[in-house]
Amino acid sequence: MDNRRVVRRLWKILYWVLPVVILWIVFSRIDLARLRSVALNANPWWLAAALLACPISCVFGAWRWQVLLLNYLGQRVPFGFALKHYYIGLAVGFFTPGSAGWDIYRVMVAGNRFGKYRLNLAAVLAEKFLALLTAGLFVALLFPWVKGEVAGGSPWLGGILRLAHIGLLLCAAAFAVMLFLERHKAADMLNRRIRAAMASVLSRARQAPSGAEIAPMSLGDFFRPLVRVRSLAAVLLLSIGVQASSAVTSVLIFISIAYPVGLLVNLFVVPIFLFIFLLPISFGSVGVREGSHILLYGLFDVPREVALVASFIGLLGLLLNQAIGAAVIWWCGGVAGTAAPPPEAGARKD
């Protein structure tokens, strides 16, 4: 057995075992009686409001994807298409690491509808890049406002701030380096590597039409839409909408369990979850979600049992979004849009 196969097998075992281990550690360190009390005393009306607010972030996310597709493809993309397949992607990609299945689905379905697979992939990568950039900005800008609420002056908070600053510097460096390389011969080699990586992603998805080709893509194809002020501002505002709506949902969740946590704290914590949940270390972020809630809200003196109940309610909200995606799949008679359109449908090969 070669080393790659061993590594893949070990990673697969870790992927399924790690959530169980984390949950065991979490439940071994909490008061189960208090956990039950917090859960049973939740206000049903505030709980319903929190759950009903969960889809709002998906609407902002689908809108952001639509704007990115418009800028990358240069053609009209109906919002209904973006919202429908955003939800379907959520449902089919729940058990994949780091939301990879969700992203691959969106690349495939948009590519089969509009053509230009390479630009659809670039749009999804840009979405991740700008979402992380927005999250880093939230953490860095809100730090002075929330540091006074930290219980006991935890050193964890300083480490989080340093990571946010490092991330912002890396984003700025990426823009500068890529724009520099785009104007020099050194970009040719990097472009070839990018095309090879994209071809690998699409071939692993095994859903691209057999005639689909990966046309050469320069770094300018990826970065040019991002350096247009209007399109960049629109995507950043929608990314802020995603984070802000998620933070408001968290505020409602904590109100429902009679332990209010301020909006600024949630605006600070929720973007950190974005970084954590992108790590491909458990299916559906199970275990990781619960542990990170206890750790991050614990910085602000939120009891473990309260943070854990908030995590479970957040999971219910996530499952609600998955259920909406499943309902869309059922209503459409299957995972629509993954098959190649007929020639007369207007799809074009790259």
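The rules behind the values
- Residues numbered from 1 in each chain as written.
- Predicted model: local features only at pLDDT ≥ 70, side-chain atom pairs only at ≥ 80, totals over all residues.
- Heavy atoms only, no water.
- Helix = DSSP H or I, 4+ residues; strand = E, 2+ residues; numbered from the N terminus.
- Buried < 20%, exposed > 50% of the residue type's maximum accessible area, 1.4 Å probe, protein only.
- Contact = heavy atoms within 4.5 Å.
- Areas by Shrake-Rupley, 256 points an atom, 1.4 Å probe, with all protein chains shown as cover.
- Axes fitted to C-alpha atoms, helices over the stretch in contact; angles between N-to-C directions.
- Parallel < 35°, antiparallel > 145°, perpendicular 65-115°, else oblique.
- Salt bridge = Lys/Arg side-chain N within 4 Å of Asp/Glu carboxyl O.
- pLDDT = per-residue confidence, 0-100.
- Core = buried A, V, L, I, M, F, W, Y, C linked by side-chain atoms within 4.5 Å.
- Phe/Tyr/Trp six-rings, centres within 6.5 Å; stacked < 30°, edge-to-face > 60°.
- Patch = residues over 30% accessible without salt bridge, like charges linked within 9 Å, V, L, I, M, F, W, Y side chains within 5 Å.
- Lys, Arg positive; Asp, Glu negative; His and termini not counted.
- Charge placed at Lys NZ, Arg CZ, Asp CG, Glu CD.
- Expected span 1.5 Å × (residues − 1).

A. How the structure looks around the overall build of the protein. In terms of regular secondary structure, the protein is built from 13 helices and 0 strands. The proportion of buried residues among the 350 residues of the protein is 45%. For the protein, contacts bridging at least 24 residues in sequence account for 77% of all contacts bridging at least 6. Accessible surface, the protein as shown: approximately 17800 Å² in total, 68% of it carbon and sulfur.

B. Broad picture of the packing of helix 3 (residues 44-73) against helix 10 (residues 229-256). Axis separation between helix 3 and helix 10 bottoms out at 8 Å; the angle between their running directions is 170 degrees. One element, helix 3, and the other, helix 10, form an angle in the roughly antiparallel class.

C. Quick look at the pattern of salt bridges. All chains considered together, the criterion is met by 4 salt bridges. In this structure, the salt-bridge partner of D103 is R106, at a minimum N-O distance of 2.8 Å. One end of the pair, D103, and the other, R106, are both in helix 5 (residues 100-114), 3 residues apart, so they sit about a helical turn from each other. For the residue pair D103 and R106, the accessibility class agrees, reading buried in each case.

D. Representation of the confidence of the model for the protein in the model. Of the residues in the protein, 71% reach a pLDDT of 70 or more, and the chain-wide mean stands at 78. Per-residue pLDDT stays below 50 along residues 205-214; that stretch engages in 16 contacts with residues further than four places along the chain or on separate chains. Low pLDDT (under 50) marks residues 337-350, which in the prediction has 24 contacts with non-local residues, meaning those over four places away or in another chain.

E. Just the nonpolar core, in detail. The biggest cluster of nonpolar side chains holds 42 residues, and the ones touching the most others in it are F254, I257, F268, V269, Y297 and F300. Ranked by the residues each element gives to this core, the list is headed by helix 11 (residues 263-277), at 7 residues. Discounting chain neighbours no more than four positions away, the residues touching V269 are L296, Y297 and F300. Residues L90, F114, A140 and L226 belong to the second largest nonpolar core, which totals 39 residues.

F. Broad picture of the environment of S231. Tracing the chain through its elements places S231 in helix 10. Linking S231 and V67, residues 164 residues apart in sequence, is a C-alpha distance of 7.7 Å.

G. Representation of the environment of L69 in the model. By secondary structure assignment, the location of L69 is in helix 3. Counting along the chain gives 45 residues from L69 to F114, while the straight-line C-alpha distance between them is 9.7 Å. Once residues lying within four places of it in the same chain are set aside, the contact partners of L69 are G74, V77, A110, N120 and A123.

H. Representation of the packing of aromatic side chains. By the definition in use, this model includes 9 aromatic pairs. With a centroid separation of 6.3 Å and an interplanar angle of 20 degrees, the aromatic rings of F27 and F312 are classed as stacked. A residue pair is termed long-range when its members are at least 10 positions apart, and F27 in helix 1 (residues 3-28) and F312 in helix 13 (residues 304-332) qualify at 285 residues. Overall, F27 belongs to the partly exposed group, its relative accessible area being 32%. For F312, a relative accessible area of 30% corresponds to the partly exposed category. Three or more aromatic residues link up through ring pairs in this structure, and these residues are W65, F81 and F114.

I. Region of the structure containing a positive patch on the surface. Taken together, the side chains of R5, R8, R9 and K12 present a region of like positive charge at the surface. Checked against the element boundaries, K12 lands in helix 1.

J. Structural view of a nonpolar patch on the surface. Together, V17, V21, W24 and I25 line one region of the surface with nonpolar side chains, adding up to about 390 Å² of accessible area. Looking at the element boundaries, V17 is found in helix 1. Take V17: its relative accessible area is 43%, and that puts it in the partly exposed class.

K. Region of interest: helix 10. With 28 residues, helix 10 ought to run about 40 Å at 1.5 Å a step, and its terminal C-alpha atoms sit 40 Å apart, in line with that. Count one or two residues on from helix 10 and you reach A258, which has phi positive near 60 degrees.

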